[in-house]
Amino acid sequence: MQLQNSIAIITGASKGLGAEISAALVQEGAIVYGIARGRENLEKLQVQLGSNFIPVPLDISDRQAVNNWVSDAFDTKTPQILINNAGIGAFARIDEMDAELWDQMLKVNLSGVYNITAPIVSKMRTDNKLSYIINIGSILGVTTRSEGAAYSVTKYGIQGFSESLMKELRGDRIKVTCLNTGSIETDFFENSGIQYHANMLQPKALAETIIFLLKTPDNFLIDELRIRPLDSRNPNK
Ligand SMILES: NC(=O)c1ccc[n+]([C@@H]2O[C@H](COP(=O)([O-])OP(=O)(O)OC[C@H]3O[C@@H](n4cnc5c(N)ncnc54)[C@H](OP(=O)(O)O)[C@@H]3O)[C@@H](O)[C@H]2O)c1
């Protein structure tokens, strides 16, 4: 699709993968609405990226606030790109998992994605232009690890959500891709208890892959993409 002057929404845009996708899309000439809860990081990013990056301080788990924002921001225009990237992760044995964290992960990683996707799809369908939704899943949405039950519930959920949407929307010229990635070098791991390793995926390289997806020919529909780092932990490999 044509990225120059296209309108994109990216959730979780203030840092990590979302910030790199925002930078890559602004570089391609898109107008990017970047969503995150914290205003400060979004505004810092706007200083770097310029006025084509529009900070949107918003909690995607707040359905009413999301609906109000979509109605206000897209009263007279429609985004062609939605990147559902915001997500949180906490890892613990099931009997030690903080129940609040369990609820919060479901609220952000699943309901948050629904909250923004539903009103945006409604606009895209009416607009009837080629549009693209990319959902950031995880390798933990196609296979599991111990102490990852809560996170995997959400990422397996996103995998199913994406596949169902793909079937529902392909007739409306709306592409849907679930990007299932392995470990990315971001702040995500700070509170997760998972160890960083030497060969994690770089957010910039993943952002370039997303640009590649968006630029595939109009009749291409890549519904799922898995990206894993080569494993450099084993010195014998
Ligand atoms: N890092 C990895 O190894 C890895 C691997 C596979 C998949 N993923 C997935 O990749 C995506 C991006 O992760 P990341 O590593 O870039 O994480 P990150 O560096 O922790 O960034 C998360 C972003 O999401 C925003 N966010 C969190 N909760 C939100 C909410 N309720 N409403 C709106 N924005 C919210 C954060 O900003 P605020 O805190 O200001 O809201 C931040 O901008 C996630 O879906 C994650 O599950 C990550």
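In the block above lies the structure referred to throughout.
Here is a short report on the structure shown in this document. This structure is a prediction, so every number in the text was calculated from the model and none was measured.

## Re the site of the ligand
Logical step 1: The environment of the ligand is made up of 31 residues, and the closest members are Gly12, Gly16, Arg37, Gly38 and Gly87.
Logical step 2: At the level of secondary structure, the elements contributing two or more residues to the shell around the ligand comprise helix 1 (16–27), strand 2 (31–36) and helix 4 (99–127).
Logical step 3: Top element by residues in the shell around the ligand is helix 1. It accounts for 3 residues.
Logical step 4: Considering only residue class, the shell around the ligand consists of 11 nonpolar, 16 polar and 4 charged.

## Here we look at helix 4
Logical step 1: With 29 residues, helix 4 extends 41 Å between its outermost C-alpha atoms, agreeing within 8% with the 42 Å of an ideal straight helix rising 1.5 Å per residue.
Logical step 2: Its axis deflected by about 40° at Ser111, helix 4 carries its strongest bend there.
Logical step 3: Buried residues of helix 4: Met105, Val108, Asn109, Gly112, Val113, Asn115, Ile116, Thr117, Ile120 and Met124, and no others.
Logical step 4: Buried positions along helix 4 lie against strand 1 (7–11), helix 3 (63–73), strand 4 (81–84), strand 5 (131–136), helix 5 (149–169) and strand 6 (174–181).
Logical step 5: Two residues or fewer after helix 4 comes Asn128, characterised by a positive phi angle close to 60°.

## Re the sheet that holds strand 1
Logical step 1: One open sheet accounts for 7 strands, arranged 3-2-1-4-5-6-7; its pairing is parallel. Across the chains shown, the open sheet's two edge strands, defined by having one partner strand only, are strand 3 (53–57) and strand 7 (224–227). Averaged over all pairs of adjacent strands, the angle between strand axes in this sheet comes to 15°, irrespective of strand direction.
Logical step 2: Of the strand pairs in this sheet, strand 1 and strand 2 are connected by 5 bridges, and their pairing is parallel. Of the residues in strand 2, the one forming a bridge with Ile7 is Ile31.
Logical step 3: Across the sheet, helix 6 (residues 203–214) touches strand 4, strand 5, strand 6 and strand 7, and the angle it forms with strand 5 is around 150°.

## Re the environment of Leu49
Logical step 1: As for its placement among the helices and strands, Leu49 is situated in helix 2 (residues 39–49).
Logical step 2: Linking Leu49 and Asn68, residues 19 residues apart in sequence, is a C-alpha distance of 26 Å.

## Comments concerning unusual backbone geometry
Logical step 1: A positive phi angle, close to 60°, is found at Asn128, a residue other than glycine.
Logical step 2: Residue position: Asn128 is located in the loop between helix 4 and strand 5.
Logical step 3: Although it is not a glycine, Arg173 adopts a positive phi angle of roughly 65°.
Logical step 4: As for its position among the elements, Arg173 is in the loop between helix 5 and strand 6.
Logical step 5: For Arg173, a count of 17 C-beta atoms within 10 Å puts it in the partly exposed group.

## Focus: the nonpolar core
Logical step 1: Formed by 55 residues in total, the largest nonpolar core has its most connected members in Ala8, Ile10, Ile21, Val32 and Ile35.
Logical step 2: Discounting chain neighbours no more than four positions away, the residues touching Ala8 are Leu25, Ala30, Val32, Tyr33, Pro79, Ile81 and Ile83.

Thresholds, definitions, all that
Residues numbered from 1 in each chain as written. Predicted model: local features only at pLDDT ≥ 70, side-chain atom pairs only at ≥ 80, totals over all residues. Near = placed C-beta within 6 Å. Helix = DSSP H or I, 4+ residues; strand = E, 2+ residues; numbered from the N terminus. Nonpolar A, V, L, I, M, F, W, Y, C, P; charged D, E, K, R; others polar. Expected span 1.5 Å × (residues − 1). Bend = angle between axes of the 7 residues up to and from the residue. Buried ≥ 20, exposed ≤ 12 C-beta atoms within 10 Å, placed from the backbone. Contact = placed C-beta atoms within 7 Å. Pairing = 2+ DSSP bridges. Axes fitted to C-alpha atoms, helices over the stretch in contact; angles between N-to-C directions. Core = buried A, V, L, I, M, F, W, Y, C linked by C-beta atoms within 7 Å.

Honestly, it's all geometry; don't read function into it.
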